Amino acid sequence: MTTQDLVPSPVGPVDVEQAEAALVERYPRLVRIAYLVLPPTMGRNRRVLTAHALVQRALPRRRVPGPAVPDARRPEDAVDPGYAYVRGEVLRQALVAALPLRRLAVPRRAQLPPLLPQVWGLRLFPRAGGADELALDQLLAGLSAPARAAYVLRGLERQGDAEVLRVLAAAGAEDPAAALAELAALEEDGPVPDGARPAPDLPATPGGGERPARVAEQAGPGRTRGGGRAPDGSPGSPDRPAGPEAPAAPAPSAGGRISGAALLESAEFDPCTLQARPGDLLRRRQHGRAVLVGVAALLVCGALLGLPGDGWGRNGAAAPSYARNPAAEAALDPAKVKRVTAAVWPGAVRRDFSVWPVRGELAGDAGLLRRALAVWARPGGAVESSATPGTPVGPPMGPPQLLFAGRVDAARVVLLHDGLRIVRYAEPVEGTAGAALDFARTDAAEGPGAAAVVVTRAAGNVRYLTAPWVTGASVRDLLMPGKEPWPLGRDARGVTDALPSPAQAKECARWNTLQLRDGSGSRLLGDLGELVPARLLWGSPDAPVDATGREARAAWARTACQLTTLLGQGVRSAQAWAFARQTLPEGVGRATWVCTRAETWRGTGSRVLAQFLPPDRKAPASLAARAQDVPACGAREPRVLAGALWQAPGGGWYVLAAGGPDVASVEVTGGVKARAEGPVLAAAAQAGARAELSATLEDGRRMPALRQ
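Position labels on residues start from 1 in each chain and follow its written sequence. This being a predicted model, a pLDDT of at least 70 is required before a residue's local features are given, and a value of 80 or more before pairs of side-chain atoms are given or counted; all residues contribute to the totals for chains, interfaces and linings. Working from all heavy atoms in the structure, the side-chain values ignore hydrogens and water.

**Focus: the side chain of Thr 388**
To keep it simple, the criterion reads: Secondary structure elements are taken from DSSP: a helix is a run of H or I of four residues or more, a strand is a run of E of two residues or more, and numbering for both begins at the N terminus. Using a 1.4 Å probe on the protein chains alone, a residue whose accessible area is under 20% of its type maximum counts as buried, one over 50% counts as exposed, and one in between counts as partly exposed. Identification of polar contacts relies on pairs of N or O atoms within 3.5 Å, with a donor-acceptor requirement for protein atoms, meaning one able to donate a hydrogen and the other able to accept it, and with residues adjacent in sequence counted only if both atoms are side-chain atoms. Throughout, a residue-residue contact means that at least one pair of heavy atoms, one from each residue, lies within 4.5 Å.
If you trace the backbone, Thr 388 turns up in the loop between strand S5 (384-387) and strand S6 (401-408). Relative accessible area serves as the criterion here: at 12%, Thr 388 is assigned to the buried category. Within polar-contact distance, the side chain of Thr 388 engages the side chain of Thr 391 at 2.5 Å. Excluding its chain neighbours within four sequence positions, the residues that come into contact with Thr 388 are Phe 439, Ala 440, Arg 441, Glu 530 and Gly 570.

See the structure below:
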C-alpha cells in the first residue's frame, strides 16, 4: 500500500499555542525521535545538542494548516494535529541534518552546529546501555536517514506502513518507499529487533465507539498508561523513567529477548537523561594561555601607539580625531558663514570673489547650508566628488563665504568660497541621494578671473553665475570668427541661460565661449570642464589682450579644437600668439606659426603648443610640437622654436622651421642638413625624414626646439 491509495482529508489548522502545548508536553519523546534519526557519526555530544535544537526550532511562527491525512487509516495511527505538525517538522529537520555537506553548496541551517542550546566546558551523552542497545545503535548507523525515520515511526510511534509512507513524504524524504524497502531487505538478511517489523493490525477497541489511544499517549512495552506501574510493580511513564537515578528496565519479550520497540525507549537513546564529563582539559589550558597572551599583546601595542608628546603616537599632542574643536565647529555652522551685501563691491579696491554679494532664494535655508558644509568636511562614499589638479579637498579652515544658494534646473546648488577655493555643492530637489561636490582653486583670482562660476552642468549644457559688475553676457562661437555673438539671458540672481558646452561635446563642430562685458571692456571665457572658465587671450607674452579682436578671432578659429588637450587640467588662462610667418616653397603662400600657452591656477603644469597654420584659411591648425612645464612662449621666455615636416601640393617634402623675432639663424641637422639666416627655414627633405632643430639668438645664445 502507498500514500496514493488513500484519499487525503484535511485536518483543522494548527495554532501556535496548540503546537507549543504539544511540544512542551511531548518534548522528551520528540527529542528522542530527533536523536534516533540523526546520524550516529555526528558524535553523541553534538547529536544530543542538535536533537534539542531541532525540537526547539519546530515551533511555527504563525497559524499553519494542519497536515492532510488519509480517510482510511488504522485507529492507532490517529494523532493530535499539534503533535503531528511538530513531529513532522522535527523529522524534516533531522533528515536535512543527515544530508552530506557539499563543497560548493551553501549549508542549510539544520546542517550547521546549533547556536542554542550551548554547553561550555562539558560533554553530554545519554547513559550507556547493554549489548542489545549497542546492537541496535550499530543497526541504526548502517541505515540511511529515511530508513532510520521509518524504523522509529514503526517501533516507537507504532505506525503502520501506510502512515509511515505519508509521514516520510510530508517530511521531505525523497523516496519513502525505498526506506521501507531498505528495512524489508534488512529483515531478509537476518534477525532484527521486533520494532523493525510492520505493526500488526490491532483488534477493535472494547466498548465500540471509544477511540483508540493516540500514538503519543500509548505506553511503551512493559509499562501501563497514565504513569501506572509495570507488571513488575515499578512506576513508569511512556517518556521518562520514574526516578532520576535509574530508568525502568525495558521489558523482555516472550523469548527473554528485549523487543526493538522497548530498546528505542531505553536510556541509551534518551537525550533528556544525560551524563556529563569534562572536555579536553589540556587543550583548554593551552588555548586559554594563548588567548591571555594575545590580549596582553594588544593592550601593550595600544598603549604604545597612544603615547602623547614625543612617544609613539603618530599625531603627537593632537587631540583625538573626533575631539571638539571650536574652529572646526565654527566652519561647519551655517549661522556663521560669511555673507557680503550688495553695497560692498562698488566701493571695493579689488574686484574678486571676496566682494561677491550673497545671492539665491535659498541663502537662508539653514538645513541646506548645514548639509553642504557637512559634505564638504566629510564627503560620504555616495557623493560624487571632483577637484581640479592641485586643489586641496579638505574641510574649510574657518567659516567660508556664501556666494550663492538656490535652485537651478532640478538641483539645489550652494557655492562657497574660502579664499583659496570655490566649492560647489549640489543635491537633487527631491532628497539628497546623488549629491555632488566640486573643488576648484581660485587663489589670486581678480577681475576677469573672478567674473563667472559654473552653477550647473546638465544634458551637455552649462549655466554660469556672473559677477555683480558684469553688465552683459553673450555667446561667441570660436569656430565662426565672422559671426557676431548672440545675447545670453540672465535672471535677477545673475544666473545665465543654458548654453551648449564644448567640454562635454564629442566632436569639435562648434566651440561656444562666454563673452562678458563690464565697465572696462569685453572678456572672452572658455569652458574647459571646471568650475571657473579659462580666460582666452591673444598677443605677445609681454602684452596679451582679450581675444575679442578680428585677428585674434581668426587665429583662435583655427586653433580652438586643440583646447581639448587642456580639459580638466586646472587652466587659468590660455594665450595664443603668432610668433612667425613664413613664405612656403613652390609658391604655395604664406603660413603662420602660432604658439598657445596655458597657465594653471597651481602654477605648475603649464602647457605650450606650437601649431602650424597653412595658407588655406579654412584648414585647421596642425600641432607641430608641445611641451609641459617649460618657460617657452611665456613672460619669462618670450620666444619659441618649432618645426614640422610638410608636403607641398606638388608632392615635394620639406622641413619647415620658425622662431621668434629675435632669432638670428636656424639650423637643421640629422637626416636633413641646412642652415638659414633669419627666424625661418625651409629645406628639401625625404618623406619620413628626422632632423634636429636649433637656433641662434641675436645675442649669440643657442635655443633648442620645442619638443613634442
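**Points about the pairing of strand S17 (residues 534-538)**
Applied cut-off: Two strands make a pair as long as DSSP finds a minimum of two bridges between them.
Among the 5 residues that make up S17, 4 are buried, leaving the element largely enclosed by the rest of the structure. Where strand S16 (residues 521-526) lies against S17, 2 bridges are found, and the strand directions are antiparallel. Pairing of Gly 526 across the sheet is with Ala 534, part of S17. Judged from the 4 bridges that link them, S17 and strand S19 (residues 571-583) form a sheet pairing that is parallel. Paired with Trp 538 across the bridge in S19 is Ala 576. Inspection of the sheet shows S17 paired to strand S18 (residues 545-546) by 2 bridges, in the antiparallel sense. Pairing of Leu 537 across the sheet is with Asp 546, part of S18. In this antiparallel pair of consecutive strands, S17 and S18, the connection spans 6 residues, and Gly 539 shows a positive phi of 120°.

**Points about the sheet that holds strand S25 (residues 663-670)**
For clarity, the threshold we go by: Lines fitted to the C-alpha atoms define the axes, with helices restricted to the stretch that makes contact. Angles between their N-to-C directions range from 0 to 180 degrees.
In spatial order, the strands read S26-S25-S28-S29; together these 4 strands make up an open sheet with antiparallel pairing. Each edge of the sheet is formed by a strand with only one pairing partner; in this case those strands are strand S26 (674-677) and strand S29 (702-704). Neighbour-to-neighbour, the strand axes of this sheet turn through a mean angle of 20°, independent of strand direction. With 3 bridges joining them, strand S28 (residues 691-697) and S29 adopt antiparallel strand pairing. Bridge pairing in S29 places Ser 694 opposite Pro 704.

**With respect to unusual backbone geometry**
The phi dihedral of Asp 629 is positive, around 55°, even though this residue is not glycine. Relative to the assigned elements, Asp 629 resides in the loop between strand S22 (622-628) and strand S23 (641-647). The exposure class of Asp 629 is partly exposed, given its relative accessible area of 47%. Within the chain, Cys 633 stands out as a residue other than glycine whose phi angle is a positive 65°. Position of Cys 633 relative to the elements: it lies in the loop between S22 and S23. Residue classification places Cys 633 among the buried positions, given a relative accessible area of 2%.

By themselves, these observations are geometric and do not establish any function.
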